[in-house]
Amino acid sequence: MAKLLLLCLKFIVLCSTVESVFEDQVGKFDWRQQYVGKVRFAHFDTHVQSSKKVLLATEKNVFASLNTRTGELFWRHVDMTGPEGNIDALLLHGQDAVVVVGNGRQLRSWDINVGGLNWEMVLDSGSFQASCLVGQQDVVKHVAVLKKTALSLHYLSNGHQKWIENLPESEAVDYQAVYSGGNGEVYALGVVPHSHIAIVAYSLEDGEIIKQTSVEAPWLSDIQGSCAVIGRGMLTCVDSPAVSLYTLDLHGQSEMTQIPLQSLGLEVALGFQPVLVSTQPNPARPPLSEFFLQLGPEHHLLLQLNNDQIVTLRDFKPALLVSFATSGEKTVAAVMSPKNKTACSLNLFSAETGRRLLDTTLIFNMDPFGGKPETLYVQAFLKKDDSVGYRVMVQTEDHTLTFIQQPGRVMWTREEALSDVVTMEMVDLPLTGTQAELEGEFGKKAAIQDGLFSMLLKRLSSQLILLQAWIAHLWKMFYDARKPRSQVKNDVTIENLSRDEFNLQKMMVMVTASGKLFGIDSKTGSILWKHYLENIPSNAAFKLMVQRTTAHFPHPPQCTLLIKDKDTGLASLHVFNPIFGKKSHVNPPALPQPILQSLMLPVMDQDYAKVLLLVDDQYKVSAFPSTKNVLQQLQEIASSIFFYLVDSSQGRLSGYRLRTDLSTELIWEIVLPTEVQKILSVKGKRPNEHVHSQGRVMGDRSVLYKYLNPNLLAVVTESTDLHQERSFVGMLLIDGVTGRIIHEAVQRKTKGPVHVVHSENWVVYEYWSTKSRRNEFSVIELYEGMELYNSTVFSSLDRPHAPQVLQQSYIFPSSISTMEATLTEKGITSRHLLIGLPSGGILSLPKMFLDPRRPEIVSEQSREENLIPYAPELLIRTEWFINYNQTVSRVRGIHTAPSGLESTCLVVAYGLDIYQTRVYPSKQFDVLKDDYDYMLISSVLFALFFATMISKRLAEVKLLNRAWR
Amino acid sequence: MAGPLPCKITVVSTVLFALCTTFVGCNNGRRVGDGMDTEFGGFSVPLEHSFEVDDVAQFRVRGALMLKAGREPGVSLAPSHLSEEDRAKLKEVAAVDGLYRIRVPRVLLQADRQTERQLEGYLTAFVRACAMVESHLSDVISLHTDVSGYLVGVSIVTLPGACRGTEVEDEVDLEVFNTTLSIVAPVNAPGPETAFFLERMEQESEKKGKNPQEQKSFFAKYWYLILGGAIFLMVSNSAQPPAGGGREQS
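Residues numbered from 1 in each chain as written. Chains lettered and ligands numbered in written order. Predicted model: local features only at pLDDT ≥ 70, side-chain atom pairs only at ≥ 80, totals over all residues. Heavy atoms only, no water.

K.L.:
Teacher, can you tell me more about the overall build of chain B here?
P.N.:
Helices and strands together make up the secondary structure of chain B, namely 6 helices and 9 strands. Counting contacts in chain B only where the partners sit at least 6 residues apart, residues at least 24 apart contribute 68% of the total. Carbon and sulfur atoms make up 59% of the accessible area of chain B, which amounts to about 14400 Å² in all. (Helix = DSSP H or I, 4+ residues; strand = E, 2+ residues; numbered from the N terminus. Contact = heavy atoms within 4.5 Å. Areas by Shrake-Rupley, 256 points an atom, 1.4 Å probe, with all protein chains shown as cover.)

Written as C-alpha cells, this is what we have:
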C-alpha cells in the first residue's frame, strides 16, 4: 500500500515536470502523413446506400478504411511485416470484412464501421489457396477457405468452424479455386497440370462429398490464371495455344466443350495470354452469365454465355481497363479507353446488353509525370431516377490512388508510393525574386560587362524593387493582422516558394522504391512536385546527391539520383532540379559498365556543380560533369583523391588512389575471412557535419583533444557462426585513406541486427545480447590525448599515433528500428540521438547519456565536468518522445538536416508514415519564446530612456544652479 | 627547448600504454578450447616491399617475419638492410612523392600445420616514401588479427610521420630499418557493468539503512500529511449537507 502511494506520488511529480510540447504547439512545427501502401484488394462498402467507405488491403500488410469523400483514413490496422502478416484475401459481406492473413494462418472478421475486430480464428496449417463466401437461399452465412490439403467452412457470425474436410488425392491434384453458386454445394476445383481437372462437390450442411469428377484437360496448367465460373456453374477456361474457350458444366458434364475463338470471329494479340473476368454480385446466387475476355493489352470483349452458346455483346478496342460494378440489382461494366496522350475516358455499359448508358462519360486526366493506369475500382450507385451513377478509384503504376467523380472531378489523390521512401535529402529553398535580383546585380559577369553609370542605375532600380517589396510585405502583415488567425492561410505553391529568415522551411526530395520522386514542402507537408521514373528495376538501389545547392544563382540547383540494379550492377543517372522536379537539360553520361562506387568531391566545375566520380568494375573512373575544367582540376589533385571499395561477399576492403589519367591503383587491402565474420555495414561520417569544439575541457581545466578523422570508417561485422556462445559483433575503425586499422573490438555473445551512428569522434551502435537476452548500446569515443599532433590540419597520411579509445555499454529497454544523430549548422549545440522504436515513438536520447567517460565512482573532477554517474541502464523517459502521440508506423529511416538557427535541427522520420518535426537539443537558446513579453520589455526600455533623459535634464539644471551660486 | 620534450614522452607513453592494453585484451580474447596443447615453434612469412618511380608495384622481399603462434602470439623481424641501389631508388621515389608499400601474405596464426596456415591473397599497406626517408627508415608495423587468429590487416606508419622536405644527407641513415613490430588482436568490448553498479547501490542502501531517520515506516514519516488530508476531507464532507439541502429546497 505504502509503495503504491509512493509510486502515485512519484508519478505525479514526474508528470508535472514534462516539458516537451505544449498543447497549443501540437501540429505547429510538425506534421504527419499516414499511408497504406500499394493496394492489393479494394472493396466499396455497398450495404448502406450513402456509404462513404472503401476498404483496402495492401501489399504492406495494412488493412484500412478510407473516406471516399476526402481520401482520409477512417481507421487502419498495420499487421506484421513479411509473410506472417500478408493479406491473402479480403471478402466483404454487409458490415463485416473477412480477411485471411499470413498464408492462411488466421481468419479475421472486422467491423467496417469502427474498424473493431469481430473475431479471429487460427486456422490449421497448410498453404492458402482460395476462399469465398458461401450462401444459400439468398442468405450468406459461411466462408469457405481452401488450403493445399483441406477445405474448411466457417460461420460468418463467430468464425467457428462448421466442418473441415480433407481433399481427395491432394498430393497429386493442385486445388486452386473454390466456388459456390448458392445451391447448397461447395466446389473445390483442382488441376493436375497437363492432365485433368478434378472437381469435388461438398455438401454445405455436413461437408460430405456429393460428387467427385475428373475431366480431361491436357492443355491446362493453372486454373486461377485462365479459368472463371460463369453463369449457372459453367467453368470456362481459355487456352491460348489452341485459341479456344472451353466450357464445362460443373453440375454434370464429364467433358469440356471446345469453342474456337475463330468461330466467334476473334483473334488473340500475339504473345498475349487471354484473361477472363467474371462477376458474382451476390455470393448466394450464381455468377452472371456475362463476362469479359481480354484478348490483347488494349482489347477487351464483353461476352455472354447463353445456352452453351457464346455471344459477343460488345467489342471494346481500344480499352485499357475494364471492371464490373453492381448496385442493387443492376450490374454495369465500366470501360476505360485512351482518349489522347494525357487523358482517358471512362464509360458505363449495361452488363446485360452491352449498351452504353447515357451521360456516364468521365474523363480521367493522366499526370504527365505519373504512371499509366493499372487497376480500376468502380463504385456504382443508384440515383434518384433509378439510373446508375458511379465514381471510380484508379490505381496507377506509380502507386497513386485517384478518386474521380463525374464528369472528371478529382476528389482526392493519395500518393501511396510515399509509404516506401528509400532515401531523401533536404534542399534549401531558393531566394525570392527580389533577393535574386540583388544577387544578379553583384554577379561577377554583370560587373565586367556594364559601365559605371548603368551599374548605378541598376543599383537604384533594385533598391526601388526592394522598397516596393517591403511595403507590400508590410501591407500584407497589416491586412492579415486584422483577420482572425485561423483564416490566415499561407498556401504554398511552387511559385511563391522562398527561403525564410532562418532557413527552417526546406524542400524535402524523397525517392521511393517504386521509382517516383517527390518534392515536399517541409513546413506543411504538401507535395509540390512529383516525377515518376519509368523502367526502374524492382531491386534497384538509390543514391541521391546534391550536386549544386540553391546558393549559386543564376545556376539552378541540381540533384543527381544514381539508380543501380543490385543484381547486374548496371546504373543510370537521373539529373533534376530539386525545387521544381524538372529533368535537367544536362545530359548525364551513359554508364555501360557496372558501377562499384560513387563519390562526391568538394571540387566544383565552373558552373559550381560538385564533381561526381563513378568507379566502374574495371576500376576506371569517370567524372560527371566531365568538362575540360573539371578534368584539369582532377589531374591536379588526383594524388590526394582516395576511395575505398567493399566487397562483403569476400570480406574484402580495399583502398585505391586516383591517377592523373583517371585510372586507379590499389594501395591497401584488408581481408576479413568470411568463414569467421561477414561485413554488415560500413559507415563513414556525414560530409556536411561540423564540429565546433576540438576537445573537451576536463575537471582540472586541461583539454582532452578529440580524434577528428574525417576519413574514419566504422565497419560492423557479425560472426558467421551464430551459436549463442560463439557469436559476436565486431567493430573495426579503419582509416579510409591509409587502410590503417585504428581500433578493433568484438562484443562477444551478441548478434545483429546492428544499428550504427558514426559522427564527430564517436561511434554508437546497438546490438542484441544473446547472453543476457536484451538490447544493448555501446559507445566508442576516440581522443588524441592531451596534446594535439598537428593542430592546423588533419592528414590521414601523417598521424602516426593511434588514438585513445574509450568504450562503455548500456542496457536499452527496447529494440530499435533505426537510429540517427541530430545535426546543426555549426555543431555548437549538443548532440542527441534520434531513435525510431518499433512502437512508433521517436526518442530523442541525449548523447550525454552515451559517454564512455561517465564515471563509476563520482569524484570532484567528474562533477566539475558535468558527467553523469554511470548507470548500466538507459531509461526511456516519456518526455523524450519528440512525436508525442503521433505514432510513426514502421520507421525505416530518420533524416536530419541543419536549419539556419544553430539551436534547431529538422527531422524527418519515414516508414509507412512520414513525420516531420524540429528538435532543439540544447533548448531554443537563440530564439525568443512564443509568449515573450515584447510590451513589457519595450515599455521598460522606454521608461528607462525617458528616466535618463529627465534625470539628465535635472542634473544639468542642478549643475547650472550650483554654478550660479 | 625544454617544453616539447616532456610532451613527446607523454605521447610515446600513451602509445605504449595503448599497445599494452591491447596485448592484455588479446589474452582474454582468445577462444578457449582451441586445442593449444601442442607447443609450436615459430614460422616465418615473407614481408615484401615495393617502391617504384612509376608507382607500379613490384614487390621484393624485405625480410622474414618470424611469427610465434599460440596463446601469446609474437612477431619479430630480422634486421634488414637496404642496398646502395635501393637507397638511391627510395630517395628518387621520395622526390616524386611516390609510395612505399609493404605486403604480407594472409595467414592463420592458430593452425597446426603449415598447409592450413597459408591463405590466398595478400594484405597491403603503404606510407609515403618521403616519410620513410625522412624518418630514417624507422617504421612501426602492426599486424591485426581477428578473433580466430586470421591476419586481417597490416598497417605501417613512420615516426615521425610528416614529410617536411628535409634532405637526408647521410647515406648511413637509410641503411638499416628500425622497425617496431606488434601483433594486435581485437579488444573485448565491455558489456554493461551491472555487477559493480548493483554493489554500489547496495552499499548506498546499507548506508541509508544505518540512518535511523530512514527506517521509519510510511505512516510514521507522513502522518502529518495523512492527518491533514483526513481533516480536509472531513471538513469538505461536513460542508456538503447544507449545500445539498439548499438544492432540495429550491
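Moving on, there is more to tell.
K.L.:
Whenever I open this one, the overall build of chain A confuses me. Can you help?
P.N.:
The helix and strand inventory of chain A stands at 8 helices and 62 strands. Looking at the 965 residues of chain A, the share that counts as buried comes to 51%. Counting contacts in chain A only where the partners sit at least 6 residues apart, residues at least 24 apart contribute 50% of the total. A distance of 8 Å separates the average location of the 92 positive side-chain charges in chain A from that of its 100 negative side-chain charges. (Buried < 20%, exposed > 50% of the residue type's maximum accessible area, 1.4 Å probe, protein only. Lys, Arg positive; Asp, Glu negative; His and termini not counted. Charge placed at Lys NZ, Arg CZ, Asp CG, Glu CD.)

K.L.:
Explain the packing of aromatic side chains to me, please; I cannot follow it from the model alone.
P.N.:
Given two aromatic rings, one states the distance between the centres and the angle between the planes to describe the pair. All names here are of chain A. Taken as a whole and judged by the stated rule, the model has 25 aromatic pairs over all chains. Centre to centre, the rings of W219 and Y246 are 3.9 Å apart; their planes meet at 15°, and the pair counts as stacked. Of this pair, W219 sits in the loop between β17 (209-216) and α2 (223-226) while Y246 sits in strand β20 (residues 244-249); the two residues are 27 residues apart in sequence, bridging distant segments of the chain. Assessed through its relative accessible area of 9%, Y246 is described here as buried. Here F849 and W880 contribute two aromatic rings whose centre-to-centre distance is 5.3 Å and whose plane-to-plane angle is 65°, an arrangement assigned as edge-to-face. With F849 in the loop between β59 (842-846) and α7 (860-864) and W880 in the loop between α7 and β60 (893-898), this residue pair connects regions lying 31 residues apart in the sequence. (Phe/Tyr/Trp six-rings, centres within 6.5 Å; stacked < 30°, edge-to-face > 60°.)

K.L.:
It is not clear to me how the interface of chain B and chain A should be interpreted in this structure. Could you clarify?
P.N.:
For an interface, size is often stated in terms of accessible area lost upon the parts coming together. Every contact between the two is made by 47 residues of chain B and, on the other side, 49 residues of chain A. Across the chain B/chain A interface, buried area totals approximately 4100 Å², and carbon plus sulfur atoms make up 61% of it. Contact with chain A buries surface across chain B, with F126(B), P192(B) and F218(B) losing the most and accounting together for 14% of the total. Taken together, the links from chain B to chain A amount to 1 salt bridge. Among the ionic pairs, R101(B) bridges to E665(A), the shortest N-O distance being 2.8 Å. Those elements that provide at least two residues to the side of chain B that touches chain A are α1 (4-29), β4 (99-107), β5 (118-128), β6 (138-145), β7 (151-158), β9 (187-188) and α5 (194-210) of chain B. Relative to β9(B), strand β52 (residues 741-748) of chain A runs parallel, the two sharing 2 bridges. Within β9(B), the position partnered with A745(A) by the bridge is V187(B). (Buried area = accessible area lost by both parts, 1.4 Å probe. Salt bridge = Lys/Arg side-chain N within 4 Å of Asp/Glu carboxyl O. Pairing = 2+ DSSP bridges.)

K.L.:
Quick question: what am I supposed to make of the pattern of salt bridges here?
P.N.:
A side chain of one charge can pair with a side chain of the opposite charge when the charged atoms of the two come close. In total, this model carries 44 salt bridges over all chains according to the counting rule given. Overlapping salt bridges, with partners in common, bring together R696(A), E781(A), K847(A), D851(A), R853(A) and E865(A) in one network.

K.L.:
Sorry, what's going on with the state of the cysteines here?
P.N.:
Simply put, the disulfide is a covalent bond whose two ends are the sulfur atoms of two cysteines. Residue and element names in this part refer to chain A. This model, assessed by the stated rule, comprises 2 disulfides over all chains. Sulfur-sulfur distance for the disulfide between C227 and C237 comes to 2.0 Å. Of note, the bridge from C227 to C237 carries an S-S torsion of about 105° and is right-handed in sense. Placement of C227 in strand β18 (residues 227-230) and of C237 in strand β19 (residues 234-239) is noted, with a sequence separation of 10 residues between them. In terms of burial, C227 and C237 fall into one category: buried. (Disulfide = S-S within 2.5 Å.)

K.L.:
Would you explain the sheet that holds β7(B) in this entry?
P.N.:
Residue and element names in this part refer to chain B. With respect to topology, 3 strands assemble into an open sheet ordered β7-β6-β8, the strand pairing being mixed. Every other strand in the sheet has two partners, leaving β7 and β8 (178-184) as the edge strands with one partner each. With direction set aside, neighbouring strand axes in the sheet form an average angle of 15°. (Axes fitted to C-alpha atoms, helices over the stretch in contact; angles between N-to-C directions.)

K.L.:
What am I meant to see in the UniProt feature "domain: ER membrane protein complex subunit 1 C-terminal" (unreviewed entry) in chain A here?
P.N.:
The residues that UniProt annotates with the feature "domain: ER membrane protein complex subunit 1 C-terminal" (unreviewed entry) are residues 759-964 of chain A. End-to-end, the C-alpha atoms of residues 759-964 of chain A are 74 Å apart, and along that stretch the chain is 17% helix and 30% strand. (UniProt positions renumbered as here; feature names shortened; annotations may be inferred.)

K.L.:
What exactly am I supposed to notice about the sheet that holds strand β50 (residues 712-719) of chain A here?
P.N.:
Paired through their backbone hydrogen bonds, the strands of a sheet run either parallel or antiparallel. Overall, mixed pairing links the 5 strands, which are arranged β47(A)-β50(A)-β51(A)-β52(A)-β9(B) in an open sheet. Whereas interior strands pair on both sides, the edge strands pair on one side only; in this sheet they are β47 (677-683) of chain A together with β9 of chain B. Alignment of β50(A) against strand β51 (residues 728-735) of chain A, held across 7 bridges, turns out to be antiparallel. By the bridge assignment, V715(A) is partnered in β51(A) with L732(A).

K.L.:
Please explain the side chain of R854(A) as it appears in this structure.
P.N.:
Residue and element names in this part refer to chain A. Locating R854 in the fold gives a position in the loop between β59 and α7. It is D851 that comes nearest to the buried, bridge-free R854 among opposite-charge side chains, at 7.2 Å. At 3.3 Å, the side chain of R854 and the backbone oxygen of I868 are in polar contact. (Polar contact = N/O pair within 3.5 Å; in protein donor to acceptor, adjacent residues only side chain to side chain.)

K.L.:
Honestly, the side chain of T145(B) in this entry has me stumped. Any pointers?
P.N.:
Here T145(B) is to be found in strand β6. Residues within four places of T145(B) in sequence aside, it is in contact with E744(A), L109(B), Y150(B), L151(B), V152(B), I183(B), V184(B), A185(B) and P186(B).

K.L.:
Would you mind going over the pairing of strand β13 (residues 161-166) of chain A with me for this structure?
P.N.:
Residue and element names in this part refer to chain A. One ladder, built from 5 bridges, connects strand β12 (residues 150-155) with β13; its direction is antiparallel. When the sheet's bridge partners are listed, A150 is paired in β13 with N166. With antiparallel pairing between neighbouring strands as the criterion, β12 and β13 make up a hairpin whose turn holds 5 residues, including G159 at a positive phi of roughly 85°.

K.L.:
Just to check I follow, could you spell out a negative patch on the surface for this structure?
P.N.:
Residue and element names in this part refer to chain A. A cluster of acidic side chains, namely E23, D24, D931 and D933, defines a negative patch on the protein surface. With respect to the helices and strands, the residue D24 is situated in the loop between α1 (2-16) and β1 (31-33). Looking at D24, the relative accessible area reads 64%, which means it is exposed. (Patch = residues over 30% accessible without salt bridge, like charges linked within 9 Å, V, L, I, M, F, W, Y side chains within 5 Å.)

K.L.:
Which parts of the structure should I look at to understand the nonpolar core?
P.N.:
A general trend in soluble globular proteins is that nonpolar side chains are found buried together. Judged by nonpolar contacts, the single largest core of 36 residues is most densely connected at L65(B), L67(B), Y100(B) and L143(B). Among residues more than four places away in sequence, those in contact with L143(B) are L65(B), L67(B), V75(B), V104(B), L151(B), G153(B), V154(B), S182(B), I183(B) and V184(B). (Core = buried A, V, L, I, M, F, W, Y, C linked by side-chain atoms within 4.5 Å.)

K.L.:
Any chance you could explain the environment of V754(A) here in plain terms?
P.N.:
Turning to its location among the elements, V754(A) is positioned in strand β53 (residues 750-759). Exposure remark for V754(A): the relative accessible area of 15% places this residue in the buried category.

K.L.:
Help me understand helix α2 (residues 84-95) of chain B in this model?
P.N.:
An α-helix turns once every 3.6 residues. As a result, residues three or four positions apart point the same way. Residue and element names in this part refer to chain B. In this model, α2 (12 residues) spans 17 Å end to end at C-alpha, consistent with the 16 Å of a helix rising 1.5 Å per residue. Every buried residue of α2 is accounted for by D86, R87, L90, V93 and A94. Seen along its axis, α2 keeps its buried residues to an arc of 125°; they face one direction. Away from its buried face by more than 90 degrees, α2 exposes E84, E85 and A95. Buried positions along α2 lie against β2 (60-68), β4 and α4 (129-134). After α2 finishes, the residue D97 shows a positive phi value of roughly 55°. (Expected span 1.5 Å × (residues − 1). Arc of directions from axis to C-beta.)

K.L.:
Just to check I follow, could you spell out the pairing of strand β36 (residues 516-521) of chain A for this structure?
P.N.:
All names here are of chain A. Within β36, 6 of the 6 residues are buried, which leaves the element mostly enclosed by the surrounding structure. Both faces of β36 are covered, namely the face carrying K516, F518 and I520 and the face carrying L517, G519 and D521. Sheet topology note: the strand β35 (residues 506-512)/β36 ladder contains 5 bridges and is antiparallel. Opposite M507, over in β36, you have D521 as the bridge partner. Hairpin connection of β35 to β36: 3 residues between the antiparallel strands, including G515 at a positive phi of 95°. Pairing of β36 with strand β37 (residues 527-532), which is carried by 5 bridges, proceeds in the antiparallel orientation.

K.L.:
What is the right way to read a nonpolar patch on the surface from this model?
P.N.:
Taken together, F219(B), W223(B), Y224(B), L225(B), I226(B), L227(B), I231(B) and V235(B) make up a surface patch of nonpolar side chains, about 860 Å² in accessible area. By the element assignment, W223(B) lies in helix α6 (residues 218-249).

K.L.:
Can you help me understand unusual backbone geometry in this one?
P.N.:
Across residues other than glycine, the phi torsion is negative in most instances, and most of the peptide bonds are trans. Of note, the bond from G752(A) into P753(A) is cis; its omega dihedral lies within 30 degrees of zero at 0°. Residues L159(B) and P160(B) are joined by a peptide bond in cis, for which omega reads -5°. Looking at the element boundaries, P160(B) is found in the loop between β7 and β8. At N103(A), a position not held by glycine, the phi torsion is positive, near 50°. Looking at the secondary structure, you find N103(A) in the loop between β7 (96-101) and β8 (106-111). What makes N103(A) partly exposed here is its relative accessible area of 39%. In the Ramachandran plot, Q137(A) falls in the positive-phi region, its phi being about 50° despite a non-glycine side chain. You can see Q137(A) is positioned in the loop between β10 (128-136) and β11 (139-147). A relative accessible area of 69% means that Q137(A) is categorised as exposed.

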